[in-house]
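Inside the fold
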Amino acid sequence: MKKLISDFMDLVKVRNHNEPEFLQAVQEVAETVIPYIAKHDIYYGKNILLRMVEPERAIMFRVPWVADDGEIHVNRGYRIQMNSAIGPYKGGLRFHPSVNMSILKFLAFEQVFKNSLTTLPMGGGKGGSDFDPKGKSDDEIMRFCHSFMAELCRHIGPNTDVPAGDIGVGAREIGFLFGMYKKMRNEFTGVLTGKGRSWGGSLIRPEATGYGTVYFAQSMLKTKGESFARKTVVISGSGNVAQYATEKATQLGGKVVTLSDSSGYIYDEEGIDEEKLVHVMYLKNEKRARISEYVKKYPTAKFFKGESPWTVKCDIALPCATQNELDGNDAGTLISNGCICVAEGANMPSTPEAIHEFHGAKTLFAPGKASNAGGVATSGLEMSQNSLRISWSREEVDERLKGIMEDIHDSCIEYGKEEDGYINYVKGANIAGFVKVADAMLAQGVV
Ligand SMILES: NC(=O)C1=CN([C@@H]2O[C@H](COP(=O)(O)OP(=O)(O)OC[C@H]3O[C@@H](n4cnc5c(N)ncnc54)[C@H](OP(=O)(O)O)[C@@H]3O)[C@@H](O)[C@H]2O)C=CC1
Ligand SMILES: O=C(O)CCC(=O)C(=O)O
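Residues numbered from 1 in each chain as written. Chains lettered and ligands numbered in written order. Predicted model: local features only at pLDDT ≥ 70, side-chain atom pairs only at ≥ 80, totals over all residues.

In plain terms, the rule: UniProt positions are given in the numbering used here, feature names are shortened, and annotations may be inferred rather than shown by experiment.
Identification of the protein as Glutamate dehydrogenase from Urechidicola croceus is taken from an unreviewed UniProt entry. Recorded in UniProt under Sequence similarities (unreviewed entry), the annotation for the protein is "Belongs to the Glu/Leu/Phe/Val dehydrogenases family." Looking at the protein in UniProt, the text filed under Subunit (unreviewed entry) is "Homohexamer."

Below is the structure:
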């Protein structure tokens, strides 16, 4: 089996040798899916995984824009349309200086499996730009978004490809992007998700990734007769996913003691309660400040510059910032500090060495493609509401979100339960996600 996997990876490396994040994501899937393919005649010998690692289309384009001081800047825009076997391409847009082909292809590849797990008819895609929104004025953000969409609008549509937010793309950016799409195409349609409430957005979409991650962790804990009540929770990030994971974990009785950003982390031993979270939301979503400012208002909390929060003793860890933010050493520290459950809110935040540590210690560990799927699932619900021209209540959407997260958890058990009873959520998510897409690809022939 090792030879089958390494032969496959050698083929993938030839074409993608300078794309480390993409190769990391593919390796993780190959290790669990290739043994499954080898045991199932209908998939064997069809090169399905080899077809899945090649994007159906990768678009790269120039994004020129004018800064407030009149200087002309040029960024690079991308959209990776990875797989449309089970539905239109679906996945977020990331605006961050680190964005490149490798990062977007890893995200698009993960998205294919994640979207399949949601049970909704969505293919996988991802896009974005190396544009850095930090320190830009609202007008500069608007001009950038308009220029980005002036090109992207040719390649997307409600039945073709439906982008949404990701790092650096929130409600403000989705508004500017939607405005330009509407102008260029002269149509008001559900081409983006994460829209404002009064123009087609769904209730609960802003909350959905963070809430969904906590719902998933709740199901994991339940397998051990545990819950969030009275548990200490360590969360990284302080953006959309981290904020709503904090809200839901607190509502379920947990005490969230950390949040972070790229400058460091804050530790509040008393817990980041509802009132303190309102302040975090003001700092990050309105003032667009650094998380370190938290300690100005709450001086009993501490700020640790340039560090990540994994040394803080906790029962539950929710990495909600970015890829490869938690390595093997961090995992070892979490385990020796008594952490029993890790659910990824971010995409691929744990390195392969960290996952190896969690599996070795039989820690409950969920990969992002399962535990953070609530965001895109609720985007799928937004698409349904747009198509039907209706809008569901907050309770209705939240119930559907909970149901979807429970279904994903069940699929992980179905495909990931080991002989000793340990649930390997990585294996479960990869195989369950693969089967649905592979069946569709087989039915549609070699296209
Ligand atoms: N939004 C969504 O619906 C979904 C998001 N995700 C994933 O969740 C993660 C967070 O996304 P989201 O909350 O939407 O993004 P936001 O832009 O709202 O927040 C991102 C957070 O992560 C921090 N961060 C980003 N890059 C780094 C870095 N290199 N080192 C340390 N911290 C960093 C940011 O800090 P700073 O401000 O300093 O950059 C910020 O606190 C991403 O992995 C994303 O792909 C997954 C599913 C859906
Ligand atoms: O809601 C969406 O379409 C995108 C969500 C996303 O980018 C993700 O799941 O990583």
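Still more ground to cover, so stick around.
1. Digging into the confidence of the model for the protein
The condition is simple: On a scale of 0 to 100, pLDDT captures the predictor's confidence in every residue.
For the protein, the average pLDDT comes to 98, and 100% of its residues sit at 70 or higher. Here the predicted complex carries an ipTM of 0.99, next to a pTM of 0.97.

2. Section: helix α2 (residues 20-39)
Rules: Here a strand is any run of E in DSSP of at least two residues, a helix any run of H or I of at least four, and the numbering for each starts at the N terminus. Each helix should span, by expectation, one fewer than its residue count multiplied by 1.5 Å. Note that the bend at a residue is defined as the angle between axes fitted to the seven residues ending at it and the seven residues starting at it. Think of it as a crowd count around each C-beta: if 20 or more other C-beta atoms lie within 10 Å the residue is buried, if 12 or fewer it is exposed, and in between it is partly exposed, with C-beta placed from the backbone throughout. For the purpose of contact definition, each residue receives a C-beta atom placed from its backbone, and two residues are in contact when these atoms lie within 7 Å.
Along its 20 residues, α2 runs 29 Å from first to last C-alpha, staying within 8% of the 28 Å computed at 1.5 Å per residue. The largest bend along α2 reaches roughly 35 degrees and is located at A30. Of the residues making up α2, those classed as buried are E21, F22, L23, A25, V26, E28, V29, A30, V33 and I37. Considering only its buried residues, α2 is in contact with α1 (2-16), α3 (48-52), α4 (101-117), α12 (352-360) and α16 (425-444).

3. Concerning unusual backbone geometry
The backbone of N324 shows a phi angle near 55 degrees, a positive value even though the residue is not glycine. The phi angle at R389 is positive, at roughly 55 degrees, despite the residue not being glycine. If you trace the backbone, R389 turns up in the loop between α14 (374-388) and α15 (394-416). R389 sits in the exposed class, given 8 other C-beta atoms within 10 Å.

4. Remarks on the UniProt feature "active site" (unreviewed entry) in the protein
The feature "active site" (unreviewed entry), as given by UniProt, occupies K126 in the numbering adopted here. For K126, the location among the structural elements is in strand β4 (residues 124-129). Setting aside residues no more than four positions away along its own chain, K126 makes contact with I80, G91, G92, L104, L107, A108 and Q111.

5. With respect to the site of ligand 2
To be explicit about the condition: Using a C-beta atom placed from the backbone for every residue, we mark a residue as near a molecule or strand if that atom lies within 6 Å of it. Throughout, the ten residues Ala, Val, Leu, Ile, Met, Phe, Trp, Tyr, Cys and Pro are labelled nonpolar, Asp, Glu, Lys and Arg are labelled charged, and all others, Gly among them, are labelled polar.
Every residue near ligand 2 is listed here: K90, G91, G92, Q111, K114, A164, D166, T193, N347, G375, V376 and S379. A per-class count over the shell around ligand 2 returns two nonpolar, seven polar and three charged.

6. A closer look at the site of ligand 1
Defined as follows: Boundaries of every domain are those given by an automatic assignment or by a domain database.
The immediate surroundings of ligand 1 are formed by 24 residues, with G239, D261, S262, A346 and G375 found nearest. The element best represented in the shell around ligand 1 is helix α8 (residues 240-251), accounting for three residues. Split by residue class, the shell around ligand 1 holds six nonpolar, 15 polar and three charged. When residues of the shell around ligand 1 are assigned to domains, at least three map to each of domain 1 (57-188) and domain 2 (206-362).

7. Regarding the domain arrangement of the protein
Annotation of the protein at the domain level lists domain 1 (57-188) and domain 2 (206-362). Averaged C-alpha coordinates put domain 1 and domain 2 at centres separated by 27 Å. On the domain 2 side, the residues contacting the five residues of domain 1 number four residues. In terms of residue class, the side of domain 1 that touches domain 2 is made up of three nonpolar, one polar and one charged.

8. Details of the UniProt feature "binding site: NAD(+)" (unreviewed entry) in the protein
Here, UniProt's "binding site: NAD(+)" (unreviewed entry) annotation points to T209 and N240. In summary, the annotated positions, though distributed over 32 residues, converge in three dimensions, the widest C-alpha pair being only 8.1 Å. Mapped onto the elements, T209 comes out in helix α7 (residues 205-222). Given 32 C-beta atoms within a 10 Å radius, T209 is considered buried. Leave out the neighbours within four places in its chain, and T209 touches N240, V241, Y244, G345, N372, G374 and G375. Classification of N240 as buried rests on a count of 26 C-beta atoms within 10 Å. If near-sequence neighbours (up to four positions away) are discounted, N240 is found in contact with G170, P206 and T209.

9. Observations regarding the packing of α15 against α16
As a reminder, the rule being used: Only the stretch in contact is used when fitting a helix axis, every axis being a line fitted to C-alpha atoms; angles between N-to-C directions are given from 0 to 180 degrees. Any angle from 65 to 115 degrees is called roughly perpendicular, while one under 35 is roughly parallel, one over 145 is roughly antiparallel, and all others are oblique.
Look at α15 against α16: their axes get within 7 Å of each other, and the N-to-C directions meet at 100 degrees. As far as their axial angle goes, α16 and α15 are roughly perpendicular. Where α15 abuts α16, its residues S411, C412, I413, E414, Y415 and G416 lie against Y425, K427, G428, A429, I431 and A432. Taken together, the residues of the contact of α15 with α16 break down into seven nonpolar, three polar and two charged.

10. What about the environment of D69?
Relative to the assigned elements, D69 resides in the loop between β1 (57-66) and β2 (72-83). In this structure the C-alpha to C-alpha distance between D69 and E140, which are 71 residues apart in sequence, comes to 10.0 Å.

11. A short note on the sheet that holds β1
As a reminder of what qualifies: Note on pairing: DSSP must find at least two bridges between two strands before they are called paired.
The strand order across the open sheet built from five strands is β1-β2-β4-β3-β5, with neighbouring strands paired in mixed fashion. Pairing within the sheet leaves two strands with one partner each, and these edge strands are β1 and β5 (161-164). Taking each pair of neighbouring strands and ignoring which way they run, the sheet shows an average axis angle of 20 degrees. Summarising the sheet, β1 and β2 pair through ten bridges and their orientation is antiparallel. Each residue of the ladder has a partner; that of F61, found in β2, is G77. Where α4 meets the sheet, its contacts fall on β2, β3 (89-95) and β4, and the angle it forms with β4 comes to roughly 150 degrees.

12. What to know about the environment of L388
Tracing the chain through its elements places L388 in helix α14. We classify L388 as exposed; it has 9 C-beta atoms within 10 Å. Expressed as a C-alpha distance, the spacing of L388 and A438, which sit 50 residues apart in the sequence, is 29 Å.

13. Some words on α14
Taking 1.5 Å per residue, 15 residues should reach 21 Å; α14 reaches 21 Å between its end C-alpha atoms and fits that length. Burial runs high along α14: twelve of the 15 residues are buried. Those residues of α14 that sit buried are G374, G375, V376, A377, T378, S379, G380, L381, E382, M383, Q385 and N386. The inward-facing, buried residues of α14 abut β3, α4, β5, α7 and α15. Once α14 ends, the next one or two residues include R389, with phi positive near 55 degrees.

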